[in-house]
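# An overview of the molecular structure
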Amino acid sequence: MIEVVRPGPLATVQDLGRPGRAHLGVPCSGAADGRAFRLANRLVGNPEGAAAVELTLGGAALRFHRHAWIAVTGAPAPLRINGSAQGTHAPAHVPDGALVEFGTPPSGLRSYLAVRGGVVVEEVLGSRSCDLLSGLGPAPLSPGDRLPVGPTKGLDDITVDVAPAPHMPETPVLHIRPGPRDDWFTDEAMATLTSTLYEVSPESNRVGVRLEGPPLVRARDGELGSEGMVTGALQVPPSGLPIIFLADHPTTGGYPVVAVLASSAIADAAQLRPGQRLRFRV
Amino acid sequence: MKVVRAGDAALLVEAADLATAHRLNAALRDEPLPGVVDVVPGERTVLVVAEPAADLGRLAERLTRLRLPDDAGGDAEPVEIPVTYDGADLDEVADLTGLSRGEVVRRHRAATYTVAYLGFSPGFGYLTGLDPALRVARRASPRTSVPAGSVAIADRYAAVYPSASPGGWRLLGRSELRLWDVTRDPPSLLRPGMRVRFVPRESP
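Residues numbered from 1 in each chain as written. Chains lettered and ligands numbered in written order. Predicted model: local features only at pLDDT ≥ 70, side-chain atom pairs only at ≥ 80, totals over all residues.

For the rest of this paragraph, the subject is the domain arrangement of chain B. Residue and element names in this part refer to chain B. Here the domain parsing of chain B yields domain 1 (2-65) and domain 2 (79-201). The straight-line distance from the C-alpha centre of domain 1 to that of domain 2 is 29 Å. Domain 1 puts 7 residues into the contact, and the matching count from domain 2 is 5 residues. The greatest single-element share of the side of domain 1 that touches domain 2, amounting to 4 residues, is contributed by helix α1 (residues 18-30). (Domains from an automatic or database assignment. Contact = placed C-beta atoms within 7 Å. Helix = DSSP H or I, 4+ residues; strand = E, 2+ residues; numbered from the N terminus.)

Next comes the structure, spelled out in structure tokens:
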């Protein structure tokens, strides 16, 4: 069992979420950076979808009331086990009773702590993910919470000593595909989107990355009927400032989507920090 | 039907109208296509979300060749939602529409509605079929908490709040029917294409 001593700015339990129920208004949710999340599980021999802890800007401290193997991926938050520094992107052994502490990552936003056996809090609709939009799943972690760890019998052996940490550039370039509603915007708007620097707003969260920069001008007035939204959609509300939808995004929305991130760029978007700048490229 | 891409792992199908969107949704639920993760009806569209490595060109072809059912389950008996008409905004809606309280209730319960699509919160269905005389704007400032079961209208839609949430719709009454229950499969009583009627209950 793992006891939460302090969760840092925001810590939640996440797995691969609740796909397949969007027509009932259920957001997919799940790890915002699925790439880092899956890697953390592989490093400790878990199935890729075992529930893990998603930390936001590190800062957490967890007491392990039983020895365990862990791996930390995503934003490289400085990791200490009973006071001694450990590398991220590598399996690490935690002795019984040890305190695991995280500093603030020098780059990136979200770190994943996978535990061999997985975190086995109660499932809601087939998932242990905390969905901050709909409130489904376990609440964000708070001091004193106890997280049960699943059995490790029958899991794959731990075979990797260290995995390469992904490069997190200062000013990432995110690839997009225009549409499905790029025809709602002027040609200049598309040129603006792909040629200027946008800045991540502090209002960003697991629902979406809100951006500051030049507004995108619409080519037509009127109301688009509500339609299904994908993760990675760049939805443009009346302010003209796009929002990149992340894991907890609403299932339907009535503002036009000017472009959608390449699937491979969603993990990069989930690591954007408030104040960081980025570019879009078709 | 026009099929456009929504990124590299989803297609947005533009249907002629809501009924066609519901027929496409019904076809995709009766016989799911391989590699499809989510099918999400909207007002005139159906979003088809595929697995990351799916061949979208091939999926688009299959979608346009699908044989749609004549009717998307609209011939089934409507779901009946019992309502106690004692909502906090009844007088306001009467004022805004120029109708009496009784006439607002009569028109609300007289209609047969269709679940157009879900969104806003799990189990929250946007119901079309509202009497045009009841068309009122949302409240200027939303309530911070609307109780679960609140029966409400706004713009062209009627709805029942499936769980407590903030909300700006005008409240006409309340229902004790559970619209959302995570222990039920499916957890939502309302699904796209279903028909709905409101049945008045006597106030206690």
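The parts lose accessible area when they come together, and the size of an interface is often stated as this lost area. Contacts between the two partners involve 28 residues from chain A and, on the opposite side, 34 residues from chain B. Ranked by residue count, the leading element in the side of chain A that touches chain B is strand β19 (residues 257-261) of chain A, at 3 residues.

A few words on the sheet that holds strand β1 (residues 2-5) of chain B. All names here are of chain B. A sheet is described by the order of its strands in space; here 4 strands give the open sequence β1-β2-β4-β3, paired in antiparallel fashion. Lying at the two open borders of the sheet, with one neighbouring strand each, are β1 and β3 (36-41). Neighbour to neighbour, the strand axes of the sheet diverge by 20° on average, direction disregarded. Two elements, β3 and strand β4 (residues 45-50), share 5 bridges in a ladder whose sense is antiparallel. What sits directly across from valine 39, in β4, is valine 48. Along the sheet, α1 makes contact with β2 (10-14), β3 and β4, crossing β3 at roughly 155°. (Pairing = 2+ DSSP bridges. Axes fitted to C-alpha atoms, helices over the stretch in contact; angles between N-to-C directions.)

Before going further, it helps to examine the UniProt feature "domain: Carboxyltransferase" (unreviewed entry) in chain A. UniProt's entry tags residues 23-282 of chain A with the feature "domain: Carboxyltransferase" (unreviewed entry), counted in the numbering of this structure. Regarding residues 23-282 of chain A, the helix share stands at 9% and the strand share at 28%, and the terminal C-alpha atoms are separated by 30 Å. (UniProt positions renumbered as here; feature names shortened; annotations may be inferred.)

Here we take up the domain arrangement of chain A. Residue and element names in this part refer to chain A. Examined at the domain level, chain A breaks down into domain 1 (2-147) and domain 2 (173-281). The straight-line distance from the C-alpha centre of domain 1 to that of domain 2 is 27 Å. Taken together, the contact between domain 1 and domain 2 spans 22 residues of the former and 16 residues of the latter. For the side of domain 1 that touches domain 2, the leading source of residues is helix α1 (residues 34-43), giving 3 residues. Taken together, the residues of the side of domain 1 that touches domain 2 sort by class into 11 nonpolar, 7 polar and 4 charged. (Nonpolar A, V, L, I, M, F, W, Y, C, P; charged D, E, K, R; others polar.)

Right, let's talk about helix α4 (residues 101-110) of chain B for a bit. Residue and element names in this part refer to chain B. For α4, the complete set of buried residues consists of Val104, Val105 and His108. The arc that holds every buried residue of α4, seen down its axis, measures 95°, which confines them to one face. Of the residues in α4, the exposed ones pointing more than 90 degrees away from the buried face are Gly102 and Ala110. In this structure, the buried residues of α4 make contact with α3 (90-97), β12 (170-174) and β13 (195-201). (Buried ≥ 20, exposed ≤ 12 C-beta atoms within 10 Å, placed from the backbone. Arc of directions from axis to C-beta.)

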